[in-house]
Number of protein chains: 4
Amino acid sequence: MKAAIVGVTGYTGIELLRIIQGHPQLTVGTIHSYSMHKHSIEEDYPHLQGVLQLPVQPFEPEQIMAKNDLVFFATPAGVAKELAPVFLEADFPVIDLSGDFRLQDPAVYEKWYQKPAATKELLAQATYALPEFTSEYSGNLISNPGCYATAALLTIAPLIKGNLVDSTTLILDGKSGLSGAGKTLGESSHYVNVDENMTLYKLNQHQHIPEIVQQLQVWNQEITSVHFTTSLIPVKRGIFLTVYGKVKAGVTEGAIYQAYEECYQEAPFVRLQAKGQLPQLRQVTGTNFCDIGLGVNETTGIVTLVGVIDNLMKGAAGQAIQNYNRWAQIEETAGLWQVPLFP
Amino acid sequence: MKAAIVGVTGYTGIELLRIIQGHPQLTVGTIHSYSMHKHSIEEDYPHLQGVLQLPVQPFEPEQIMAKNDLVFFATPAGVAKELAPVFLEADFPVIDLSGDFRLQDPAVYEKWYQKPAATKELLAQATYALPEFTSEYSGNLISNPGCYATAALLTIAPLIKGNLVDSTTLILDGKSGLSGAGKTLGESSHYVNVDENMTLYKLNQHQHIPEIVQQLQVWNQEITSVHFTTSLIPVKRGIFLTVYGKVKAGVTEGAIYQAYEECYQEAPFVRLQAKGQLPQLRQVTGTNFCDIGLGVNETTGIVTLVGVIDNLMKGAAGQAIQNYNRWAQIEETAGLWQVPLFP
Amino acid sequence: MKAAIVGVTGYTGIELLRIIQGHPQLTVGTIHSYSMHKHSIEEDYPHLQGVLQLPVQPFEPEQIMAKNDLVFFATPAGVAKELAPVFLEADFPVIDLSGDFRLQDPAVYEKWYQKPAATKELLAQATYALPEFTSEYSGNLISNPGCYATAALLTIAPLIKGNLVDSTTLILDGKSGLSGAGKTLGESSHYVNVDENMTLYKLNQHQHIPEIVQQLQVWNQEITSVHFTTSLIPVKRGIFLTVYGKVKAGVTEGAIYQAYEECYQEAPFVRLQAKGQLPQLRQVTGTNFCDIGLGVNETTGIVTLVGVIDNLMKGAAGQAIQNYNRWAQIEETAGLWQVPLFP
Amino acid sequence: MKAAIVGVTGYTGIELLRIIQGHPQLTVGTIHSYSMHKHSIEEDYPHLQGVLQLPVQPFEPEQIMAKNDLVFFATPAGVAKELAPVFLEADFPVIDLSGDFRLQDPAVYEKWYQKPAATKELLAQATYALPEFTSEYSGNLISNPGCYATAALLTIAPLIKGNLVDSTTLILDGKSGLSGAGKTLGESSHYVNVDENMTLYKLNQHQHIPEIVQQLQVWNQEITSVHFTTSLIPVKRGIFLTVYGKVKAGVTEGAIYQAYEECYQEAPFVRLQAKGQLPQLRQVTGTNFCDIGLGVNETTGIVTLVGVIDNLMKGAAGQAIQNYNRWAQIEETAGLWQVPLFP
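Since the model is a prediction, treat every value here as computed from it, not as a measurement.

Describing the relation of the copies chain A and chain C
Right, so step 1: When chain A is brought onto chain C, the operation consists of a screw motion whose angular component is 180 degrees and whose axial shift is 0.0 Å, with 0.0 Å RMSD remaining. Put plainly, the chains are arranged around a two-fold axis. When C-alpha positions in chain A are compared against the rotation axis, the closest is assigned to Tyr191 of chain A, at 2.1 Å.
Right, so step 2: By residue overlap, the copies meet face to face through one surface: 100% of the interface positions of chain A are interface positions in chain C.

Written out as structure tokens, the structure is:
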């Protein structure tokens, strides 16, 4: 099959391009920028010189559908909801990596994203697909989860589904590298302001909060909120999520490990760490893995979990390909199982 | 007055040297290494070439007492308890920056430090001095708090003293730069293992946990434990502490701000941030400040606080000088009020 | 004496502010932004909260002259030449840290800076003051050398003055941290584009080239050009300059060391390293030193020199204060001799 | 074919493992440590958890030869010369990535490596194989060039072969990331000593100097020495080499470009940059490319070149696989043509 990438010049778009180039059953048909003139991808990314000579083309839906079998949208919030309808009307498959189709309630989207939402009709067509918990890919619009939401949901799913902690005590403390904020220039991405620094941003206002809550409610209707914070650390890639929760009476560390093992025994991209081990951020860099470790403090009765992902892989492009693989009913790990760069 | 520094070749020792050189009422008498041969401090630290020609001398108590008015110990755990007694017997003032005299119960020290503790008699002579909460400096042995403990205690003191949160829900998530681990060589301090990485270490085993609990119990006898974690981030200096706690019924964000303002109105080194603002790590680099910001999430009922310090300043050498200033009854900010390097 | 700082919100301006606050004989009168509304300096720089409550004021020459004894311009190229004349007409001392008054020939300025130059009359009033080689401070307009030019000129002066190398073989390979490029946002200052990267920029076009040549010609009229390159490395502060030159027949390493010792024996801020030692970048961070080391390769007949400075100190604000000290005929090291932060 | 890797626990060994896992015609037979007990590779490298379950085995030549078709030595200097002979005696192919077989003259090796050299008989069997300039792979012992030597030789080969610069004026200024120094713990690899720092090390003593000279003499017998320096910059991977040379009379920039184009028109891994463009370090990270850019300064008559490689890829493991591909007479780019991780 052939895929088009819209928004190829961003970090997520270029990562999609990288993965598809190594995918055994998917190739890149055409690549597009929704805002730039035609040029070669090498002009944006000199590391591709000689490796890829694809022209970056303007956004032309007819051409995309003529030359491809599906389209990935790797565009900022607010773009895909405008560009996707023409594909959906033609029954042409769309995998969107932005937040536009993640929240079922338009009012919630508008509150958290501060932008007009997609219509209810459009939202009703979308499948929010966290692959580890999505068995059915119906319809032609797959909505890929957010990076922080992916880390959060995978790290706490067994706790919530197993009712192992008091959910009102859950704390999710997320840390992200700078690529999570994209290529936009701003004070907060200037090297001098990032290097040797750490900042907590968007306190109680991060747009992934309602996305996490929405999915938690699928697993446990009683949950109405989650306490989730986001900080920037001076690295390029990666999310390091620390989670805390009061363990329910009678729940042992062993029982928690068992719940994680059972939950993820069929999940090729979730690696539960050995007892007593916590994952380091860099062990997932460049991979589609979510590595999870945990430990219960007998004195405080609180379990600490660490979940790490690569925000551009499992948090974006890698997961989109994993969703593609499942949607296309091919091997889930196709194109995603290479040994990562280290160090 | 003249001060000796024992352990001058470590990061904390060299920071003491730096501060005292700029102190209006204190000068460096002699500097010592407890383990190395005599040499010039410039050999360890080329940045001091021409600025300071002091010889690093072996540890000789008689000489130290003859040439100085007090001694700072900037030595690893387990050293000061062996070296300090001769000074105390001679009624010679000692300010210890290690963990040796922080915990009143020797059994607790031995459990968490995995080393033999100081005797009860020695421990009874020590004043654990977090300066913002220490009004009386009796005796000749001042025990300077640990870096993480300082960040933790200052960031949560008003919550605990004001009984504003459910203390069993408190979560302290600490992040530190590499200088906190000292100059020791190991896998975890190799550049390739730190750069572009983040790690949670010593889960539920960090030796500052009992120190924090001990002081919290002074403020609120009902507290028996605290949930505190420590992670490494790729920076040289600084502790970034994020704290979470369930706000008690009827406690507003305004009431919490008021409690912090009242608690710290006389504290020159605690800077409460304006409402809606959280401190960045680097704004305290090179200073003795502890900057604190907070926000209450109305949906979850949880307050998030961020407290930042420079681990070598407010977390070690700066605080030791602040303790000296208060002990010597001179201006609390003497030697500590310079404008820091930026960026 | 009191000084005004114009352009205080930039890295160089804030560094001037820091130094003057610790200067025994100079105080800050007023601080100004030439382009922003009135506000507190703490809004730009939260690290100054509580330490400095100075208002940043608009640029008003009359007010500056009424409240101060001299003015520092820490403004981008093209600004000081517009703002300085009113002060000079009033015989009010100006120290300019920009490139506006460094080049004596307006045509050269216009070629390299791509901006209109100051008038010849204005340029004629300026003293280009590299303090180690400036004995007379006549007039009221001091032009502070550029950061790279300072590193270059100090590192090679004894070679040129002593005629020790073939000047046509000189290679100056400069590396700078990001603060050298100022606060301007651009692709090249985005964290993701700097971290784990290195770039050579402005090949054969850096505006400090004519400044270096102009001064070299003062020392040796036969020199007509210099080969100088500039690269960015992922650090915040510092210039690391590597210099190569073919040693003239009969010139030994010992003779070169001797030339450096003699040249700089009266220079408090130039630290010649011991034989066999080269300086590291960080040993000058936060200081006004220029540290120089060298070694002759007997096989190739080429001498390698390494010169390091802090671009915001010896390369800008520190040197401006050093120039002030010399101009005011006070101790050359006043305000500049503190022990720097380490690590 | 199947390959064994000896020294798999080092950075170069793990990189070989990564490449071979993605190679279409080569697989990993067995992996070995020459100094450690049997264990799983995941214990050294948690990023490989679940991806690779290979046991790290002790060094056993018989087993290696029984289960593989060739062996890669990714061992420190001094090891391969001891371990390789048993394979060579059995006519079993060896590709050595260390310095042991690079220098034809044992005395030169002993002078620069400060270790006993391989015997002349052994050295006579080795093919020093810089693939862009090696057409014949005779024998069973391939000696893979050093990382700096690779960057240096590729960046200057057309200059030397074309006699375009005065070779006595050549300056090679190399900068390397920390992985180039391997996993060994030392002061110079401690995070606090690397971050925000830059250092020139081994002045005139780097062991790649004689390797570069040896190969230059193959191209031009008149060359007797080269001036080459090495510095550390705070990045994990990559060599950034800046080269300077006096252009010979009548040689234009266009002529130099043409010489590079002709020299490398058949070289898939050398990417000459467009005129006016210089390569950034990170554009080769994770790739086997050597990217080269250049510019002539008409005023000084000096050409500046920038050559960048990934020290673990084109500087070590990638080039070893490229050599394997050529030796095995398969596609030169096999296993080496994937799109690299970015950013």
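That covers the picture; the talk isn't over yet.
A closer look at the packing of helix H8 (residues 147-161) of chain D against helix H10 (residues 208-219) of chain D
Residues and elements named next belong to chain D.
Right, so step 1: Where H8 contacts H10, the axes come no closer than 10 Å and their chain directions differ by 25 degrees. The angle between H8 and H10 falls in the class roughly parallel. Judged by the sense of rotation from one axis to the other, the crossing of H8 with H10 is right-handed. Of the residues in H10, those touching H8 at Cys147, Tyr148, Ala149, Ala152, Leu153, Ile156, Ala157, Ile160 and Lys161 are His208, Glu211, Ile212, Gln215, Leu216 and Trp219.
Right, so step 2: For the contact of H8 with H10, the class distribution of residues is eleven nonpolar, two polar and two charged.

Looking at the pattern of salt bridges
Right, so step 1: Enumeration over the complete set of coordinates arrives at 40 salt bridges over all chains.
Right, so step 2: With a shortest N-O distance of 2.7 Å, Asp173 of chain B and Lys175 of chain B are connected by a salt bridge. Taken individually, Asp173 of chain B and Lys175 of chain B each receive the classification buried, so the pair is uniform in this respect.
Right, so step 3: In this structure, Glu332 of chain B engages Arg326 of chain B in a salt bridge whose closest nitrogen and oxygen atoms are separated by 3.0 Å.
Right, so step 4: Connected via shared salt-bridge partners are Glu15, Arg18, Arg237 and Asp310 of chain A.

Notes on the interface of chain A and chain C
Right, so step 1: On the chain C side, the residues contacting the 20 residues of chain A number 20 residues.
Right, so step 2: A buried area of about 1700 Å², summed over both sides, lies between chain A and chain C, and 65% of it is on carbon and sulfur atoms.
Right, so step 3: Scanning the region where chain A abuts chain C turns up eight residue pairs in polar contact (both at pLDDT 80 or more).
Right, so step 4: With four residues, the single largest contributor to the side of chain A that touches chain C is helix H9 (residues 191-194) of chain A.
Right, so step 5: Considered class by class, the residues forming the side of chain A that touches chain C number eight nonpolar, seven polar and five charged.

Description of the packing of aromatic side chains
To describe a pair of aromatic rings, you give the distance between the ring centres and the angle between the ring planes.
Right, so step 1: Evaluation of the coordinates by the stated rule reveals 58 aromatic pairs over all chains.
Right, so step 2: Seen from their ring centres, Phe289 of chain C and Trp337 of chain C are 5.4 Å apart, and the 65 degrees between their planes marks the pair as edge-to-face. Here Trp337 of chain C lies in the segment after helix H12 (313-327) and Phe289 of chain C lies in the loop between strand S13 (270-272) and strand S14 (290-297), a separation of 48 residues in the sequence.
Right, so step 3: An aromatic cluster is built from Phe59, Phe73, Phe87 and Phe92 of chain A, whose rings are joined through pairwise contacts.

Some points on the relation of the copies chain A and chain B
Right, so step 1: Between chain A and chain B, the superposition needs a rotation of 180 degrees and an axial shift of 0.0 Å, giving an RMSD of 0.0 Å.
Right, so step 2: A share of 100% of the interface residues of chain A reappears at the interface of chain B, consistent with the copies meeting face to face through the same patch.

Quick word on the nonpolar core
Grouped burial of nonpolar side chains is what soluble globular proteins tend to show.
Right, so step 1: One finds Phe72 of chain A, Phe72 of chain B, Phe72 of chain C together with Phe72 of chain D to be the most contacted residues of the largest nonpolar core, which totals 221 residues.
Right, so step 2: When residues in this core are grouped by element, the largest group, seven residues, is from H12 of chain C.
Right, so step 3: In contact with Phe72 of chain A, not counting residues within four places along its chain, are Ala3, Ala4, Ile5, Val6, Leu16, Ile20, Leu26, Ile95, Leu97, Ala320, Ile321 and Tyr324 of chain A.

Looking at the UniProt feature "domain: Semialdehyde dehydrogenase NAD-binding" (unreviewed entry) in chain A
Right, so step 1: Under the feature "domain: Semialdehyde dehydrogenase NAD-binding" (unreviewed entry), the UniProt entry names residues 2-141 of chain A.
Right, so step 2: Summarising residues 2-141 of chain A: 32% helix, 19% strand, and an end-to-end C-alpha distance of 17 Å.

Examining the sheet that holds strand S10 (residues 199-201) of chain B
Residues and elements named next belong to chain B.
Right, so step 1: Taking strand neighbours across the sheet as the criterion, the seven strands line up as S10-S11-S9-S12-S15-S14-S13 in an open arrangement whose pairing is mixed. Among the strands making up the open sheet, the edge pair consists of S10 and strand S13 (270-272). Strand-to-strand twist of the sheet, defined as the mean angle between neighbouring strand axes without regard to direction, takes the value 25 degrees.
Right, so step 2: In the sheet, strand S9 (residues 171-176) pairs with strand S11 (residues 227-232) via six bridges, with the strands oriented parallel. From the neighbouring strand, Asp173 faces S11, where its bridge partner is Thr229.

What to know about helix H10 (residues 208-219) of chain B
Residue and element names in this part refer to chain B.
Right, so step 1: Here H10 contains twelve residues, and its C-alpha end-to-end distance of 17 Å stays within 8% of the 16 Å for a straight helix at 1.5 Å per residue.
Right, so step 2: Taken across its twelve residues, H10 has ten buried, putting it largely inside the fold.
Right, so step 3: Among all positions of H10, only His208, Ile209, Pro210, Glu211, Ile212, Val213, Gln214, Gln215, Leu216 and Trp219 are buried.
Right, so step 4: Elements that come into contact with the buried residues of H10 comprise helix H6 (106-113), strand S7 (126-128), helix H8 (147-161) and S11.

Considerations on the interface of chain A and chain B
By a frequent convention, interface size equals the accessible area lost on bringing the separate parts together.
Right, so step 1: On the side of chain B, 41 residues touch chain A, which itself brings 41 residues to the contact.
Right, so step 2: Between chain A and chain B, a total of about 3600 Å² is buried, with carbon and sulfur atoms accounting for 60% of that surface.
Right, so step 3: It is Glu196, Met198 and Tyr244 of chain A that lose the most area in chain A upon contact with chain B, and together they represent 17% of the buried surface on that side.
Right, so step 4: Secondary-structure elements contributing two or more residues to the side of chain A that touches chain B are strand S9 (171-176), H9, strand S10 (199-201), strand S11 (227-232), strand S12 (239-246), strand S14 (290-297) and strand S15 (302-309) of chain A.
Right, so step 5: If you tally residues by element for the side of chain A that touches chain B, the top one is S12 of chain A, at four residues.
Right, so step 6: In terms of residue class, the side of chain A that touches chain B is made up of 18 nonpolar, 16 polar and seven charged.

Re the pairing of S14 of chain C
All names here are of chain C.
Right, so step 1: For S14, the buried fraction is high: eight of the eight residues fall into the buried class.
Right, so step 2: Across the two faces of S14 the burial is the same, with Cys290, Ile292, Leu294 and Val296 and Asp291, Gly293, Gly295 and Asn297 all buried.
Right, so step 3: As paired elements, S14 and strand S15 (residues 302-309) share eight bridges and run antiparallel to each other. Bridge pairing links Asp291 to Val308 in S15.
Right, so step 4: From the end of S14 to the start of S15, which pair antiparallel, there are four residues, and Gly301 there has a positive phi angle of about 70 degrees.

Regarding the domain arrangement of chain A
Residue and element names in this part refer to chain A.
Right, so step 1: Considered domain by domain, chain A is made up of domain 1 (2-145 + 314-327) and domain 2 (148-311).
Right, so step 2: Spacing between the C-alpha centres of domain 1 and domain 2 amounts to 25 Å.
Right, so step 3: Contacts between domain 1 and domain 2 engage 23 residues on the former and 34 residues on the latter.
Right, so step 4: Counting the surface domain 1 buries against domain 2, the share from its top three residues, Trp112, Phe133 and Lys314, is 33%.
Right, so step 5: Here domain 1 and domain 2 share two salt bridges between them.

Cut-offs and rules
- Residues numbered from 1 in each chain as written.
- Chains lettered and ligands numbered in written order.
- Predicted model: local features only at pLDDT ≥ 70, side-chain atom pairs only at ≥ 80, totals over all residues.
- Heavy atoms only, no water.
- Least-squares fit on C-alpha atoms with pLDDT ≥ 70 in both.
- Contact = heavy atoms within 4.5 Å.
- Axes fitted to C-alpha atoms, helices over the stretch in contact; angles between N-to-C directions.
- Helix = DSSP H or I, 4+ residues; strand = E, 2+ residues; numbered from the N terminus.
- Parallel < 35°, antiparallel > 145°, perpendicular 65-115°, else oblique.
- Left-handed = near helix turned anticlockwise from the far one by under 90°.
- Nonpolar A, V, L, I, M, F, W, Y, C, P; charged D, E, K, R; others polar.
- Salt bridge = Lys/Arg side-chain N within 4 Å of Asp/Glu carboxyl O.
- Buried < 20%, exposed > 50% of the residue type's maximum accessible area, 1.4 Å probe, protein only.
- Buried area = accessible area lost by both parts, 1.4 Å probe.
- Polar contact = N/O pair within 3.5 Å; in protein donor to acceptor, adjacent residues only side chain to side chain.
- Phe/Tyr/Trp six-rings, centres within 6.5 Å; stacked < 30°, edge-to-face > 60°.
- Core = buried A, V, L, I, M, F, W, Y, C linked by side-chain atoms within 4.5 Å.
- UniProt positions renumbered as here; feature names shortened; annotations may be inferred.
- Pairing = 2+ DSSP bridges.
- Expected span 1.5 Å × (residues − 1).
- Domains from an automatic or database assignment.

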